[in-house]
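# Descriptive structure summary
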Amino acid sequence: MGRQESIARSLTQALTTTNGNGGGGERASRNLLGWILAFFSALFSLYQLTLRKIRPAEFNKLRRDHWDVTDDAYVESFLPSEEGGSKREEALKAIGDMGFSGSTFYSTADQKYLVKSVPRYSEYSFFRDDLLTPYAEYMASHPYSLLVRICDFLCLSGPSIGRLFRLAPSHHIVMDNIMYGKEQAKKRGEPDWESWDLKPTSYFYPERDIADGALTSEATKDQLADEFPDKIILSKQQADEFFATLEADTKLLADHNAVDYSLFLVRLQPPKGSAVNTNSDPTSSTEAAQSADLVADDHPPTVPPGPPSWRVGIPSADGKHIYRAAILDFFWAKHKIQPIFMTILITAWNFVFHHGHMSITTTPEEYRDRFLKMCRSYVEVRGG
C-alpha cells in the first residue's frame, strides 16, 4: 500500500469509529496479543498511523446543533461507496499538491469534505491550544461567518517511526468543501467553475521579489497568492453585509494574533435556463427562494443558513454569476516560535535590502487592514 493510500486509510479509520480513536468496537474486543501486535504495527509503520480526534464533543456539537449534519450522514461521507469498492482508503481521494506548507489534501468520494494535513507544530499547536475554543464559540453564534467550517481535528495517538522521520503528517483537519457541486455541474455540461485564493500581493514575497523572481521556478511562483482579474458585482446591501462579516471574522483572527489567511473565492454561472432577478431585495423571501433554486443541488453539506449565503451561493447584482467565498489558512500566529524566528529574520534582512514585511511577518492588525482593503477593492456596487 502506497503512502497516500496508507494515510487515507488511517484517516477514515479514525473518522468512522464512534470513539474517534481509530479502533471502535474492534479494539475493545482485542486480546493482549492483539494489542501487542497492533502496537508494533503502528510503531513501525512508515505511513499508516493511529489517529484520534481532538475534542470531538465540541465539533460534534457544531455539526449537529448548528450546521445540521447528522452523525450518520457525516460518517457516510468517509465510507467507501458501493461503486468504488470496500477498502477504507478508497473513501478518500488525494488531490492538489503539497504547496508551501507541505500539506497533503484529500477529498471524500462524495466531494462533501476536504481533509488537510497540518504538518507544522506552530500551526497545529496554535489551533489546538489558542484558537479552537474561541473558534467553536464564534462559529456557533455567527452562522453567516466566512471562516471555513472545520468539522474535525485529528492527531497522532501513540509513537510511530513514520512520524519520527516526518514521513506522514501527525495532524489533520476536516473541512467542508466550498467547491461541492463542481463535478455535478461539469457532468451536466455547465461552464467550469472559477476559483481564486486571494491574499494581499503588496507584501514582500522572496520567490517573486528577489532578483525579480529569476532564482525561483515558475511552478513555485504559481503557488503564490492569486489576483482576481474582475469585480465581484454586488448590490449595496449585499456589499454591506459582506464587509460587515469580513470585519467580524478578521477581528477574531487578529485578536488571536493570526496572519496570512486568505479569501477563497468561487465564481460560477447560473444553471442553464435560470436567471437572477437583479431588481429584487437580497433579503426578501423571493430572492432566497430563487437562490435556493439556483444552487440547491450543489450546496455544501453544512448548509445552515440557507441561501443566499456565501457558503451556498450569492447571486451577483447583474445576474451573470453566483459567488461563494470562505476564509482559509488562519493557523499562522505571530506569538509561536517559527513565526517569531521568521519575523526576526526578515527584520534583519530589511536592514540591508528594505523589501518590507512578508505577509507572515507583519502584525495581525496591519495584515487585517490590508486584507480588508483588498476585499473591498474587488467589489463593485451596483444598484441600491
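Our subject is the structure that appears above.
Cut-offs used in this document
- Residues numbered from 1 in each chain as written.
- Predicted model: local features only at pLDDT ≥ 70, side-chain atom pairs only at ≥ 80, totals over all residues.
- Heavy atoms only, no water.
- Patch = residues over 30% accessible without salt bridge, like charges linked within 9 Å, V, L, I, M, F, W, Y side chains within 5 Å.
- Areas by Shrake-Rupley, 256 points an atom, 1.4 Å probe, with all protein chains shown as cover.
- Salt bridge = Lys/Arg side-chain N within 4 Å of Asp/Glu carboxyl O.
- Helix = DSSP H or I, 4+ residues; strand = E, 2+ residues; numbered from the N terminus.
- Buried < 20%, exposed > 50% of the residue type's maximum accessible area, 1.4 Å probe, protein only.
- Pairing = 2+ DSSP bridges.
- 1 Å grid on protein atoms, 1.4 Å probe; cavity = no way out; pocket = protein on both sides within 12 Å on 5 of 7 lines; lining within 4 Å.
- Points joined across faces, edges and corners; volume = space filled by probe spheres on them.
- Nonpolar A, V, L, I, M, F, W, Y, C, P; charged D, E, K, R; others polar.
- Contact = heavy atoms within 4.5 Å.
- Phe/Tyr/Trp six-rings, centres within 6.5 Å; stacked < 30°, edge-to-face > 60°.
- Lys NZ or Arg CZ within 6 Å of the ring centre and 35° of its normal.
- Axes fitted to C-alpha atoms, helices over the stretch in contact; angles between N-to-C directions.

This next bit is on a nonpolar patch on the surface. A surface patch of nonpolar side chains, amounting to about 320 Å² of accessible area, comprises Ile337, Ile340 and Ile344. Residue placement: Ile337 occurs in helix α13 (residues 337-353). Accessibility expressed as a relative area gives 69% for Ile337, which makes it exposed.

Here we come to the sheet that holds strand β12 (residues 322-328). Strands belonging to one sheet form pairs held by backbone hydrogen bonds; the direction of such a pair is parallel or antiparallel. Read across the sheet, four strands follow the order β7-β10-β12-β11 without closing on themselves; strand pairing throughout is antiparallel. In the strand order of this sheet, the two ends are held by β7 (194-198) and β11 (314-315), each with one partner. With seven bridges joining them, strand β10 (residues 262-268) and β12 adopt antiparallel strand pairing. For Val266, the partnering residue across the bridge sits in β12 and is Arg324.

Attention now goes to empty space enclosed by the protein. In this structure the tally under the stated criterion is three cavities of 30 Å³ or more. By volume, the largest cavity amounts to about 60 Å³. Taken together, Leu146, Leu147, Val148, Arg149, Asp176, Ile178, Pro300, Arg311 and Ala326 make up the full set of residues lining the largest cavity. Each residue belonging to the lining of the largest cavity can be placed in one class, and the counts come to six nonpolar, no polar and three charged.

A few words now on the side chain of Ser309. With respect to the helices and strands, the residue Ser309 is situated in the loop between α12 (285-295) and β11. Those residues within four positions of Ser309 in sequence are excluded, and the remaining contacts are Tyr144 and Ile314.

Here we take up the packing of aromatic side chains. Following the criterion strictly, the structure yields 20 aromatic pairs and no others. When the centroid spacing of 5.7 Å and the interplanar angle of 85° are considered together, the rings of Phe228 and Tyr378 count as edge-to-face. Of this pair, Phe228 sits in the loop between α10 (218-221) and β8 (232-234) while Tyr378 sits in the loop between α14 (364-377) and β14 (379-381); the two residues are 150 residues apart in sequence, bridging distant segments of the chain. Among the residues examined, Tyr378 registers a relative accessible area of 11% and is labelled buried. Of the aromatic side chains, those joined through ring pairs into one cluster are Phe127, Tyr135, Phe153, Phe330 and Phe331. If you follow Arg376 out to its NZ or CZ, it ends over the ring of Phe243, 4.1 Å from the centre.

Topologically, Lys373 is positioned in helix α14. You can call Lys373 exposed: its relative accessible area is 55%. It is 8.6 Å that separates the C-alpha atoms of Lys373 and Pro200, two residues lying 173 residues apart in sequence.

Another point: the sheet that holds strand β1 (residues 51-53). With antiparallel pairing, the six strands of this open sheet are ordered in space as β1-β5-β6-β4-β3-β2. Of all strands in the sheet, those bounded by a partner on one side alone are β1 and β2 (92-95). Here the strands of the sheet are splayed against their neighbours by 25° on average, with no regard to which way each runs. Its contacts with the sheet put helix α4 (residues 56-66) on β1 and β5 (150-156), and the angle it makes with β5 is roughly 160°.

Here the focus is the environment of Ser81. Position of Ser81 relative to the elements: it lies in the loop between α5 (71-76) and β2. Remark: the alpha-carbon pair of Ser81 and Asp110, spanning 29 residues in sequence, is separated by 8.5 Å.

Side-chain positions along a regular strand alternate between the two faces of the sheet. Burial of β10 is extensive: seven of the seven residues sit out of reach of the surface. Judged by which residues are buried, β10 turns out to be covered on both faces: Ser262, Phe264, Val266 and Leu268 on one side and Leu263, Leu265 and Arg267 on the other are all buried. Pairing between β7 and β10: five bridges, direction antiparallel. Within the sheet, the bridge partner assigned to Asp197 lies in β10 and is Phe264.

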